[in-house]
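Next come the chains, spelled out residue by residue.
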Amino acid sequence: MKQNNIILNGIAASSGVAIGKVFVLEEDDFLVIKKEISGSHIKQELARLKDAIEKTKVELEEDQKELNKVLGENYAKIADAHLLILNDPMIKNEIEKMINKGTNAEYAVHKVVENFSKTFDLIDNEYFRERKHDLLDVAKKIMRNLLGKTKKSLADLDEDSIIVAKNLTPADTVNMKEVMVKGFVTEIGGKTSHTALVAQSLEIPAVVGLKDITYKVKQEMPIIVDGNLGLVILDPSKETIENYKREYEIQISNKKELEKFKDLPAVTTDGREVILGANIENPEEVRAALRHGANAIGLYRSEFMYMSKKTMPTEEEHYQNYSKVAKMMMPYEVIIRTMDLGGDKISRLGLMNIGREANPFMGLRAIRFCLKYPDIFKAQLKGILRASVHGNIKIMYPMISRISEIKEANKILEQAKEELKKEGKKFRDDIEVGVMIEVPSAAVISDIIAKEVDFLSIGTNDLIQYTMAVDRVNADVAHLYTPMHPAILRLLKNIIDSAHAAGKNVGMCGEMAGDPLYTAILLGLGLDEFSMSAGQIPKVKKIIRSISKAESKKLVEQLFKCTNMQEINITMKKFKYR
Ligand code: PEP
Ligand code: MG
């Protein structure tokens, strides 16, 4: 059989190579075909529509009950709105009218909803305009019931599978940790998109930003993912497969070589020691963190507790979860970031408008959400406080953009402590509280912030996105996402110097901290703690142990003389190959 050996270029999101078979993860969009019908078929189509609407109604009522039970009346309003749309006689009449004129039910639903959604676009009021998404959600459910479709399950994956998808959302990947997958390929995304982070934590290669890839592949087609060069080869020739098998062998032996560094300290040749921590999303990842030699959990992305289930995590669940991590990591620190839902991190809990905003990355995200819904926030804080007696736990607030947010969050933390005292539950009163610096306004006032908190941690994934106005998950602008941009280097220097002037430690938990390309710069800037995907720790440690603090400082001095990216790249190349 002839092989095509089609090479496609994307963005390298997680290193390594893999040879396997395509597993296309389908989205919810359905292929709707128009069919003409007549006679008794019209009656049948009307009956099918009625049946699909009935089934949808039952599903929505179940959703409503679930939301009411878990989150209370206010939150169940989303399901109320969906039921109102479903019961709207105008939409139903229009669909029936089309069927009566001789169109199949699927096409009639599709066409009528399309027309209605266009009228939503014309509405001035943003709130009402956004209700279009409710209409589309309901239509999707009706369509699924009409077609008798159930979503393709990840349980169908086998150990040779390479997932190919338009996008992998946290909801898609949350249970993937238990499934064997060899690699990821997606149409959208950048180096710090969720797909990239998950692939790194699973230590599998990923290539993102491959437009239309889902149309170019077939299920089970042979595929190679090269996460080092950022390319994908479809239907590879025998020769290509042989080459990649060799590359895979090298990859395995390099990994073994790096294992030697596991128990050695992260210290420069002239004696400066830094902490290397791991970023995790759930307690299961602690083992991998320790295996790779992590001396801290520098970022526990706690929002994944809100994404993995259909119910809101309780104080007790928070407590159990964080206690487990704290105990396993003793005596090392565990920095628990309070939930950062919003942006690309969407919960299944249907929390208010999260995921439906026009600008979700700038919307009701992270600390903003927590301060608006203090009861949800307080349950998490109480869980963290209780777990603090089992280890070395610290609290970190995400997306801080102003001092008042820190003060407000601390007020809720104090209330949580008071409640625990009354309930007779133990906690550490002296728990350290830090913030993420990931919004430019916070970076600029980091001198003021540093006086308010116990430590700072730089979230470069967002800081770069917001500073440079470059969406971190948009492949079309990925070339503008440049961590070494003079503006970013200046901001980093300001944050690190401000923290040190206030006598506080400063870490970094964005992807920049785990990329060996930037290790010397961050050392030279004086960063105290680097936190990254566990698999990156040995690579970063190897570099730290091979250079001196003095030469990294000199490199930073040279970089600060550069006025553009070209000069910066030349300076870096000279440093690297010296
Ligand atoms: C960051 O923004 O750098 C960060 C670590 O947080 P997240 O990637 O979870 O937004
Ligand atoms: Mg962030």
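Above this text you will find the structure in question.
Not measured: the values here are computed from a predicted model.

Cut-offs used in this document
- Residues numbered from 1 in each chain as written.
- Chains lettered and ligands numbered in written order.
- Predicted model: local features only at pLDDT ≥ 70, side-chain atom pairs only at ≥ 80, totals over all residues.
- Heavy atoms only, no water.
- Donors = N, O, S within 2.8 Å, 3.2 Å for Na, K, Ca; no water.
- Helix = DSSP H or I, 4+ residues; strand = E, 2+ residues; numbered from the N terminus.
- Buried < 20%, exposed > 50% of the residue type's maximum accessible area, 1.4 Å probe, protein only.
- Pairing = 2+ DSSP bridges.
- Axes fitted to C-alpha atoms, helices over the stretch in contact; angles between N-to-C directions.
- Contact = heavy atoms within 4.5 Å.
- 1 Å grid on protein atoms, 1.4 Å probe; cavity = no way out; pocket = protein on both sides within 12 Å on 5 of 7 lines; lining within 4 Å.
- Points joined across faces, edges and corners; volume = space filled by probe spheres on them.
- Near = heavy atom within 4 Å.
- Polar contact = N/O pair within 3.5 Å; in protein donor to acceptor, adjacent residues only side chain to side chain.
- Areas by Shrake-Rupley, 256 points an atom, 1.4 Å probe, with all protein chains shown as cover.
- Sits in = over half its atoms within 2 Å of the grid points.
- Nonpolar A, V, L, I, M, F, W, Y, C, P; charged D, E, K, R; others polar.
- Phe/Tyr/Trp six-rings, centres within 6.5 Å; stacked < 30°, edge-to-face > 60°.
- Lys NZ or Arg CZ within 6 Å of the ring centre and 35° of its normal.
- Expected span 1.5 Å × (residues − 1).

## Things to note about the coordination of the magnesium ion (ligand 2)
Around a metal, the perfect tetrahedron of four donors has angles of 109.5 degrees, and the perfect octahedron of six donors has angles of 90 or 180 degrees. Coordination of the magnesium ion (ligand 2) by the protein comes from Glu 438 (OE) and Asp 462 (OD), over a distance range of 2.0 to 2.1 Å. Of this pair, Glu 438 sits in the loop between strand E13 (432-437) and helix H17 (440-444) while Asp 462 sits in helix H19 (residues 460-468); the two residues are 24 residues apart in sequence, bridging distant segments of the chain. For Glu 438, a relative accessible area of 1% gives the class buried. On the basis of relative accessibility, which here comes to 3%, the residue Asp 462 falls in the buried class.

## Re the sheet that holds strand E5 (residues 183-186)
Read from one edge to the other, the open sheet built from eight strands follows the order E1-E8-E7-E3-E4-E5-E6-E2, with strand pairing classed as mixed. The open sheet has two edge strands with one neighbour each: strand E1 (6-9) and strand E2 (11-14). The mean angle between the axes of side-by-side strands here comes to 30°, regardless of whether they run parallel or antiparallel. Lying on the sheet, helix H10 (residues 238-259) is in contact with strand E3 (17-25), strand E7 (222-226) and strand E8 (231-234); it crosses E3 at an angle near 110°.

## Quick word on empty space enclosed by the protein
Scanning the entire structure with this criterion turns up five cavities of 30 Å³ or more. By volume, the largest cavity is sized at about 100 Å³. Forming the boundary of the largest cavity are 13 residues, of which Ile 85, Leu 86, Ile 91, Ile 95 and Ile 142 lie nearest the centre. Contributions of two or more residues to the lining of the largest cavity are made by helix H2 (77-87), helix H3 (89-100), helix H4 (105-121) and helix H6 (132-147). Counting residues per element, the lining of the largest cavity draws most heavily on H6, which supplies four residues. The volume enclosed by the second largest cavity comes to roughly 80 Å³. At the level of elements, strand E10 (297-301) and H19 are the ones that each hand at least two residues to the lining of the second largest cavity.

## What about the site of ligand 1?
In the neighbourhood of ligand 1, 15 residues make up the surrounding shell, with Arg 301, Arg 337, Gly 459, Asn 461 and Arg 472 lying closest. Contacts to ligand 1 include Arg 472, whose side-chain N or O atom sits 2.7 Å from an oxygen atom. Considered on its own, ligand 1 offers 290 Å² of accessible surface; in the complex 100% of this is hidden by protein. One can see that ligand 1 is located within the second largest cavity. Those elements giving two or more residues to the shell around ligand 1 turn out to be E10 and H19. Looking at the shell around ligand 1, the element that brings in the most residues is H19, giving three residues. Its residues placed into classes, the shell around ligand 1 shows three nonpolar, four polar and eight charged.

## Looking at the packing of aromatic side chains
If you walk through the whole model with that rule in mind, you get three aromatic pairs. Ring centres of Tyr 300 and Tyr 322 lie 5.6 Å apart, and the angle between their planes is 90°; on these two criteria the pair is classed as edge-to-face. In this pair, Tyr 300 sits in strand E10 while Tyr 322 sits in helix H13 (residues 315-329), placing the two residues 22 residues apart along the sequence. Each member of the pair Tyr 300 and Tyr 322 is classed as buried. Ring geometry for Phe 369 and Tyr 373: centres 4.9 Å apart, planes at 45°, overall tilted. Against the face of Tyr 319 rests Arg 386, its NZ or CZ located 4.1 Å from the ring centre. In this structure, Lys 394 is placed above the aromatic ring of Phe 455, and the distance from its NZ or CZ to the ring centre is 5.7 Å.

## As for H6
Between its first and last C-alpha, H6 extends 22 Å over 16 residues, near the 22 Å set by a 1.5 Å rise per residue. Burial in H6 covers these residues: Lys 132, Asp 134, Leu 135, Val 138, Ala 139, Ile 142, Met 143, Arg 144, Asn 145 and Leu 146. Looking one or two places after H6, you find Gly 148, whose phi comes out positive at around 60°.

## Comments concerning the environment of Tyr 466
Examined against the element boundaries, Tyr 466 turns out to sit in helix H19. Among the residues examined, Tyr 466 registers a relative accessible area of 17% and is labelled buried. Residues Tyr 466 and Pro 440 lie 26 residues apart in sequence; the distance between their C-alpha atoms is 6.7 Å. Not counting residues up to four positions away in its chain, the partners in contact with Tyr 466 are Phe 361, Met 362, Arg 365, Met 399, Glu 438, Val 439 and Pro 440. Engagement of the side chain of Tyr 466 in a polar contact is seen with the backbone oxygen of Phe 361, the distance being 2.6 Å.

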